[in-house]
Amino acid sequence: MGISEPLETNNVISGAIEAPRYSCALAGAYSTAVGIFGVVPILHSGAGCGIGQLFGQFYGGGQNAGGPYGGTSTPCSSLVEEHVIFGGEKKLEALIESTVELVNGEVFAVISGCVPSLIGDDVGAVIRRYKEKNPEVPIIHVNTSGFAGTSYDGYEYFFDAVIDQLLEKAPKEKGLVNVFGIVPSQHIFWKGEAREIKTLLEKIGLKANLIVGEFEALENLKKIPAAEYNIVLSSWIGHKTAEKLEEKFDTPYISFPGVPIGPKQTSEFLRVIGERLDVSADVIEDLIAREEKRAYRFAEFVGDILLITRPHPYFAVVADSNSAVSITKYLANEMGYLPDIVQITDNPPEEARKLINEELTTDLETPAWPEIIYEVDAYRIRENLKDRNFLFLLASSLETPISGPEFNALHLTVSFPSYNRVILEHNYAGFSGGLTLVEDVMSTYAGPL
Amino acid sequence: MSGTELTENELIEDRIDLSRATCPNREQRANGINVWYGKASDLAKEARSGCLRQRERNFQQSSGCVLNFYLSVRIGTIRDAVAIYHAPVGCSSAALGYRELYRHVPVELGRPANYDLHWMTTNLGERDVVYGAGEKLREAIKEAERRYNPKAIFILTSCTSGIIGEDIEGVVSQVQPEIKATIVPIHCEGSRSKLVQTGYDAFWHAVLKYLVKKPEKKQKDLINVASMLSYTWQDRLEIKRLLGKVGLRVNFIPEFASVEQFEQLSEAAVTAPLCPTYTDYLARGLKQEYGVPYFLYPSPMGVAHTDEWLREIGRHTGKEREIEALIKEEHEKWLPKLKAIRQEFENFKGNGEKVEVLGALGQGRLLAQVPYFDEIGLKSSAAMCQDFDNLILKDLEKLLAQMGDFDILVNTFQAAEQTHITNHRNPDIAMTCPFQGGAFKRDKGVTRVHALRSDAHPWSTQSGYTGAIAFGNFLLQSLKSHSYQRTMKEKTLSTYKDWWYKQPNSLYYLKAEE
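Treat the numbers as computed from the prediction; the structure is a model and nothing was measured.

Student: Explain the overall build of chain A to me, please; I cannot follow it from the model alone.
Tutor: Looking only at helices and strands, chain A has 18 helices and 13 strands in total. C-alpha extents for chain A along the principal axes are approximately 70 × 50 × 40 Å. Relative to its full complement of 449 residues, chain A shows a buried share of 66%. Pairs at least 24 apart in sequence give 76% of the contacts found in chain A among residues at least 6 apart. Just so you have it, chain A exposes about 15600 Å², and 51% of that area is on carbon and sulfur atoms. The averaged location of the 61 negative side-chain charges in chain A is 2 Å from the averaged location of its 36 positive side-chain charges.

Student: Would you mind going over the interface of chain B and chain A with me for this structure?
Tutor: By a widespread convention, an interface's size corresponds to the accessible area lost as its parts come together. Each partner contributes to the interface: chain B provides 69 residues, whereas chain A provides 75 residues. Of the roughly 5700 Å² buried between chain B and chain A, counting both surfaces, carbon and sulfur atoms make up 58%. Three residues, Ser62(B), Arg99(B) and Glu126(B), lead the burial of chain B against chain A; their summed loss comes to 13% of the area buried on that side. Taken together, the connections running from chain B to chain A amount to 5 salt bridges. Its salt-bridge partner being Arg147(B), residue Glu18(A) comes within 2.8 Å of it at the nearest N-O pair.

Student: Whenever I open this one, unusual backbone geometry confuses me. Can you help?
Tutor: Peptide bonds are trans in most cases, and residues, glycine excluded, mostly fall at negative phi. In this structure, the amide linkage connecting Ile253(B) to the following residue, Pro254(B), adopts the cis form with an omega of -5°. Note on placement: Pro254(B) falls in strand β7 (residues 249–254). Looking along the chain, the bond that leaves Tyr297(B) and enters Pro298(B) is cis, with omega of -5°. Checked against the element boundaries, Pro298(B) lands in the loop between α12 (276–290) and α13 (303–317). Not every positive phi belongs to a glycine, and Ala19(A) is a case in point at roughly 35°. With respect to the helices and strands, Ala19(A) occurs in the loop between β1 (17–18) and α1 (25–35). Phi at His312(A) is positive, roughly 35°, even though this residue is not glycine. Under the relative-accessibility criterion, His312(A) is labelled exposed at 58%.

Student: Honestly, the sheet that holds strand β13 (residues 445–448) of chain B in this entry has me stumped. Any pointers?
Tutor: Two modes of strand pairing occur in sheets, parallel and antiparallel, and in both the strands are linked by backbone hydrogen bonds. Residue and element names in this part refer to chain B. If you walk across this open sheet you meet the 6 strands as β1-β11-β10-β9-β12-β13, and the pairing is mixed. A strand with exactly one partner marks an edge of an open sheet, and here the two such strands are β1 (36–39) and β13. Each strand axis lies, on average, 20° off the axis of its neighbour in the sheet, ignoring direction. Judged from the 2 bridges that link them, strand β9 (residues 355–361) and strand β12 (residues 429–432) form a sheet pairing that is parallel. Residue pairing for β12: Val357 is matched across the bridge by Ile429. Against the sheet, helix α18 (residues 464–478) makes contact with β10 (378–385), β12 and β13, and its axis sits at roughly 140° relative to β13, the strand it touches most.

Student: I keep staring at a negative patch on the surface and nothing clicks. Help me out?
Tutor: All names here are of chain A. A contiguous patch of negative charge on the surface is contributed by Glu243, Glu246, Glu247, Asp250 and Glu351. Among the elements that take part in the negative patch, helix α10 (residues 239–249) stands out by supplying 3 residues, more than any other. Considering the arrangement of structural elements, one finds Glu247 in helix α10. Classification of Glu247 by relative accessible area gives exposed; the value is 70%.

Parameters and conventions
Residues numbered from 1 in each chain as written. Chains lettered and ligands numbered in written order. Predicted model: local features only at pLDDT ≥ 70, side-chain atom pairs only at ≥ 80, totals over all residues. Heavy atoms only, no water. Helix = DSSP H or I, 4+ residues; strand = E, 2+ residues; numbered from the N terminus. Buried < 20%, exposed > 50% of the residue type's maximum accessible area, 1.4 Å probe, protein only. Contact = heavy atoms within 4.5 Å. Areas by Shrake-Rupley, 256 points an atom, 1.4 Å probe, with all protein chains shown as cover. Lys, Arg positive; Asp, Glu negative; His and termini not counted. Charge placed at Lys NZ, Arg CZ, Asp CG, Glu CD. Buried area = accessible area lost by both parts, 1.4 Å probe. Salt bridge = Lys/Arg side-chain N within 4 Å of Asp/Glu carboxyl O. Pairing = 2+ DSSP bridges. Axes fitted to C-alpha atoms, helices over the stretch in contact; angles between N-to-C directions. Patch = residues over 30% accessible without salt bridge, like charges linked within 9 Å, V, L, I, M, F, W, Y side chains within 5 Å.

Right, dumping it as structure tokens:
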């Protein structure tokens, strides 16, 4: 990519920001690649981009190591001044060849950083040449750069590359659905969420292709066009991908504002999916009845601690839109907590904001509608939390040290970055996910009565 | 190889020129490299003859750049300051744990109770790349002042701001008159150098140029120690304890320092190293500009080196007698414990053979740790080193004379090469940075070289006398713990194909000379 062909980005914020809760487009493409087991990212960038995102994305996403292909294991062209002057194409060519020779992997994804974009490396041509010589090697070029947007944009750029460079039309497979909208690392519970959603869909007889958090990378990517439907678990992330798949492969899509948390959201999710995909209502209702019964029987066990310690408390949320909507709705609609303020940190586009606002107001079973603020700047987020009523702050680890001293609130890390919670499979998705959220929230104060 | 040996004066560019915007790269200043494999004696010979040169790899892994190893995290800890990254949003994300991570150090152990750290990014986008972003930087500086009224504002540059040719000095000189804080531009464009150490030099250059004040008075009891938080909080406490016993005070920079501590660097009696290669540029600059004496070797690691380190400080502060008394007192306490550790290592194999250790170290730690390993009865017949430059040549030669030859693999976090040498050498203990890919997957002991966020437990100390004992015990522990690494080795796929481990050369992908 040259800078003369700007990428389409949602990054509308143009001023300086203090400690934003996402990284750059390269980081998003990179963490998506690392999140699909079997994809080998190859960074065409400066040497620090991988290690920077090891600290910034992988550690930030729940203190996760980079895994076999992330962090300092990531092949990288490590561009310096001489490449700025003479170009980095030769270096990349040698790197691709050696990577394929050395590294165990199924799909290779060359991800461009700022340097090749600025110096005008023709990465596409390097890859075309390589493909001509090695047609059997699945390799794509994620056309991005650091300055082409945020981590969320990077996620879409990754799938953009997959669609354009890897996918071919395939006959539709009955009951196969792809799931998009969960960005590895940025959604700190991505691994557990992906697994839970897959299990849920399988329980109603669908074949779910989650892609992230899964093995068989090549197979899963290649079957994307065969899906009957695309499910997007976000009011905006993954929408471009879904639209493109609709255009190219006639796959319709349906979106939800986030990963469903607890029985109410999960039941609604399953009912809508069931209707669209023609799943027998009996199957859906049976599952809902069984799972609800259990979830609510278990929820009874928190009755005492809920009423004794901090009943009907106001709470504040600082999170990406997906997490913010699902968490707020669960706590308001099922636990009787009162939303005070919700700050959305992922910079969603205007059209998504309308939907998010609706979810956080008219969709709440309480008249205690929260103040909704879209903010990515850490300073302003902190200012906005001052002088309010909330007793709980569900936010990122950035708020851990200030929550008590500045706001007198108990704190739980539920959103990126999460430097104070190690998160492997833990998550809040599905029927029992709400209970897990309750466990975490109430454990911030529960003790001997 | 040419027969002419370079003299000390030719080995490094000694003069620090503060009229320039930044330092020369380590490549230019001291012929730094980060690709090499072979006998340490050959490395020293090549460097001494001026024939050593940087090579290219055909396979390379992400290893850290001038900005992102690990400058971002260090500068972010400076109190009463704001760091501004003139960069796209991703370059600063390594700094994201700024508010929470260091809270793990308890206030009782000396971490300031009330500190608030700040960083911003100018968030460069497509438009800025085309039209420039000087105005944005100006606005960010003003906003930083409005928000926090800091004493200093650090500007960190990036590949992008470098390549699009942002006039940082122009912006700084234009906006400085309106700003109370001292603006400190640091030229740490990721693409400017292959050597991460260049980032440290760039930082010290900026500190020397913009922050250090002319001495108002000399403080005869003040010792400058540039302490990275890859040395632990406990290392600081140990240094403070030892020097405190003879009535000396320590000025630790940069982590958790206040801006005033930087201003006072010129007033100290001596600049002493924890890590010589990290401290070098600052120490030379303070000597050249303000006559502050310095020494770079040894580091206070291991008993013998700690003795020497203290004696050096004694010489510069006129405390020779007090230091000798201190050393005597400390030896009485610690030497029996050191002996016990040594015995345990010596008996570990039960056949008279020594326990082998392979360390992945910075070049500063290489010089410090290899003799320490010997002190506690470990054998180190090979070492990995992040980079190598002429700054340490003389001391490497000295080390070789003392310790004999060993093999050395010079690379900056090249996980494949490190996994390879670890497999081939099959040492009893492999020391690694925590983030070195799959290097931990093996049947024997693996442990970290250092802590990342200044582990505050006494168990993690590495410096001084308590450190010599604690680190020895730490290494002993690593011999006993294998289940995670062995299970991972058995149950997970190797990143690299089998042939990699079967071929003999860690630097297999060295590019042929053209």
